[in-house]
Amino acid sequence: MKNPKISRRSFLSAAAATAAFTVIPFEFSIAKGNQTRKPNSKVAGVQLGCTTYSYRMMPHKVDDVIPYLLLAGINSIELRSVAEEDLGIPQNPARPRGTLTDKEKADFAKASDEARETQRKWRLSLPMERYAEMRRKFNNAGIDVHIAKFAPSAWSDEEIDYAYNAAKVLGSIGITDELTDEACQRLGKFAEKHNSLAMFHTHGQVADPGFSFDRALSYSPANMLNLDAGHYYGATGLHPNEVIIKYHDRMRSIHIKDKTGPNNPTPNTNKEFGKGETPIADILLLLKKEKWPISVDIELEFPIPEGSDGAKEVVKCIEYMRNILE
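Residues numbered from 1 in each chain as written. Predicted model: local features only at pLDDT ≥ 70, side-chain atom pairs only at ≥ 80, totals over all residues. Heavy atoms only, no water.

A.B. asks: So what about the overall build of the protein? Which residues, and what values?
C.D. replies: Scanning the protein from N- to C-terminus turns up 13 helices and eleven strands. When contacts within the protein are restricted to residue pairs at least 6 apart in sequence, those whose partners lie at least 24 apart make up 76%. (Helix = DSSP H or I, 4+ residues; strand = E, 2+ residues; numbered from the N terminus. Contact = heavy atoms within 4.5 Å.)

This is the structure we're talking about:
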């Protein structure tokens, strides 16, 4: 008798490859302006999607990203830095290479401060209609901006208000930022003010001595977890479902990736879906069973195979998860 785990993995890989080809005609119809159907990545009640960070190695302004999402049939996203980049935010200065002299350090710090102030003024003068136009582009293609990532915890109060106003115009349920104690203390209060949510993305700090999800959530009822299940498993070796079950009512999104665990010969390493150790199927089937309103977004960080690209790999990841849920 064949090993059922290996058999299933082979099946999923083959199904993903087949799906990658079967959706290509849809890609061409979109490019020609002949879209005949809307994307739908909600499977068995579980909303699958991706963060636009997954396309960072490709041109990834809004008009670039929409065809990538349609290729994968994705209808829900976490919109990352592409939003402000698309609207023309002034860029930070490039950091000089090599060991810097004291003068070079001082010059770079001054240029960074000036750029930071220029960005502040840009944000506070930007008409919200620009974000309304952006939302129309996504919505007309059948895509919802479920969450916006502005990472505003270190910004001025006025800029955080700007970020929440923009998130609301985009149709987002709230903002996600990186989880630090300072961010959790600060951002939740703004989320309350805007009747929104502050969702915090986790990395390897989940394995640090004394780390506490409870502390992060205690600062505001608007604070939520944006649990990265891959980072959690890769750093701790623990099953992410333990956290999901305990905190499901304080969670609206999960980042999904396949990683090896800390005891693997190549520990905490990003892998193509189906080639790592993250219990992706367990996570998806738990959400399917419980029907909790928690979206699952691909954060693609594994090395892109030769001859492929981020858009093609997201297609494979989506189809891998579809086949688990269907």
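A.B. asks: Kindly report on the layout of surface pockets, identifying the contributing residues and their values.
C.D. replies: Approximately 350 Å³ is the volume found for the largest pocket. If you go around the largest pocket, you meet 16 residues; those closest to its centre are Glu84, Ile89, Asn92, Gln119 and Arg123. Counting residues per element, the ones that place at least two in the lining of the largest pocket are α4 (82-86) and α5 (102-125). Considering every element that reaches the lining of the largest pocket, the biggest residue donor is α5, with four residues. Looking at the lining of the largest pocket residue by residue, the classes come out as five nonpolar, five polar and six charged. (1 Å grid on protein atoms, 1.4 Å probe; cavity = no way out; pocket = protein on both sides within 12 Å on 5 of 7 lines; lining within 4 Å. Points joined across faces, edges and corners; volume = space filled by probe spheres on them. Nonpolar A, V, L, I, M, F, W, Y, C, P; charged D, E, K, R; others polar.)

A.B. asks: Go over the packing of helix α11 (residues 240-247) against helix α12 (residues 280-290) with me, naming the residues and quoting the values.
C.D. replies: The contact between α11 and α12 brings their axes to 9 Å, and the two run at 25 degrees. Considered as vectors, α11 and α12 are oriented roughly parallel to each other. The chirality of how α11 crosses α12 is right-handed. Contacts between α11 and α12 involve Pro240, Asn241, Ile244 and Ile245 from the first element and Asp282, Ile283, Leu286 and Leu287 from the second. (Axes fitted to C-alpha atoms, helices over the stretch in contact; angles between N-to-C directions. Parallel < 35°, antiparallel > 145°, perpendicular 65-115°, else oblique. Left-handed = near helix turned anticlockwise from the far one by under 90°.)

A.B. asks: Run through the pairing of strand β4 (residues 144-149), naming residues and quoting values.
C.D. replies: Within a regular strand, the side chains alternate between the two sheet faces. Among the six residues in β4, five count as buried, and that is most of the element. Inspection of the sheet shows β4 paired to strand β5 (residues 174-178) by two bridges, in the parallel sense. Note that in β5 the partner of Lys149 across the bridge is Thr176. You can see the chain leave β4, run along helix α7 (residues 157-170) and come back into β5, and the turn it takes is right-handed. (Buried < 20%, exposed > 50% of the residue type's maximum accessible area, 1.4 Å probe, protein only. Pairing = 2+ DSSP bridges. Right-handed = clockwise from strand over helix to strand, strands pointing away.)

A.B. asks: Which residues make up the packing of helix α6 (residues 129-140) against α7, and what values go with them?
C.D. replies: For the pair α6 and α7, interaxial distance at closest approach is 8 Å and the crossing angle is 35 degrees. At the point where α6 passes α7, the crossing takes the right-handed sense. Facing α6, whose interface residues are Tyr131, Ala132, Met134 and Arg135, α7 presents Tyr162, Ala166, Lys168, Val169 and Leu170. Classifying every residue of the contact of α6 with α7 by side-chain character gives seven nonpolar, no polar and two charged.

A.B. asks: Account for unusual backbone geometry, with residues named and values stated.
C.D. replies: Residue Asn195 is not a glycine yet carries a positive backbone phi of 55 degrees. Unlike most non-glycine residues, Lys291 shows phi in positive territory, near 60 degrees. Within the secondary structure, Lys291 is located in the loop between α12 and β11 (295-298). Under the relative-accessibility criterion, Lys291 is labelled exposed at 67%.

A.B. asks: How would you sum up helix α13 (residues 310-325)? Please name residues and give values.
C.D. replies: Look at α13: 23 Å from first C-alpha to last across 16 residues, which is about the 22 Å you get at 1.5 Å a residue. Across the 16 residues that make up α13, a large majority, 14, are buried. The N-capping residue of α13, defined by a side-chain oxygen 3.1 Å from the backbone nitrogen of Ala311, is Asp309. (Expected span 1.5 Å × (residues − 1). Polar contact = N/O pair within 3.5 Å; in protein donor to acceptor, adjacent residues only side chain to side chain.)

A.B. asks: Go over the environment of Val243, please, and point to the residues and values.
C.D. replies: Mapped onto the secondary structure, Val243 falls in helix α11. Judged by its relative accessible area of 5%, Val243 falls in the buried class. Spatially, the C-alpha atom of Val243 lies 9.2 Å from that of Ala229, the residues being 14 residues apart in sequence. Contacts of Val243, omitting those with residues within four sequence positions, involve Phe213, Leu225, Leu227, Tyr232, His248 and Met251.

A.B. asks: Outline the nonpolar core, supporting the account with residue identities and numerical values.
C.D. replies: Ranked by size, the top nonpolar core spans 84 residues in total, and within it Tyr55, Tyr131, Phe138, Phe150, Ile244, Ile298 and Met321 carry the most contacts. Here this core takes nine residues from α13, the largest share from any one element. Met321 has contacts with Leu48, Ile256, Phe273, Ile280, Leu284, Val296 and Ile298, leaving out every residue within four places of it along the chain. (Core = buried A, V, L, I, M, F, W, Y, C linked by side-chain atoms within 4.5 Å.)

A.B. asks: Explain the pairing of strand β3 (residues 76-79) residue by residue, including any values.
C.D. replies: Covered by surrounding structure in β3 are Ser76 and Glu78 together with Ile77 and Leu79, the residues of both alternating faces. In this sheet, β3 lies alongside strand β2 (residues 46-51) in parallel orientation, the contact comprising two bridges. When the bridges of β3 are listed, Cys50 appears paired with Ile77. For the segment spanning β2, helix α3 (residues 62-72) and β3, crossover handedness is right-handed. Pairing analysis gives four bridges linking β3 to β4, with the strands arranged parallel. For Ile77, the partnering residue across the bridge sits in β4 and is Val145.

Note that every value here comes from positions in space, so none of it alone points to a role or purpose.
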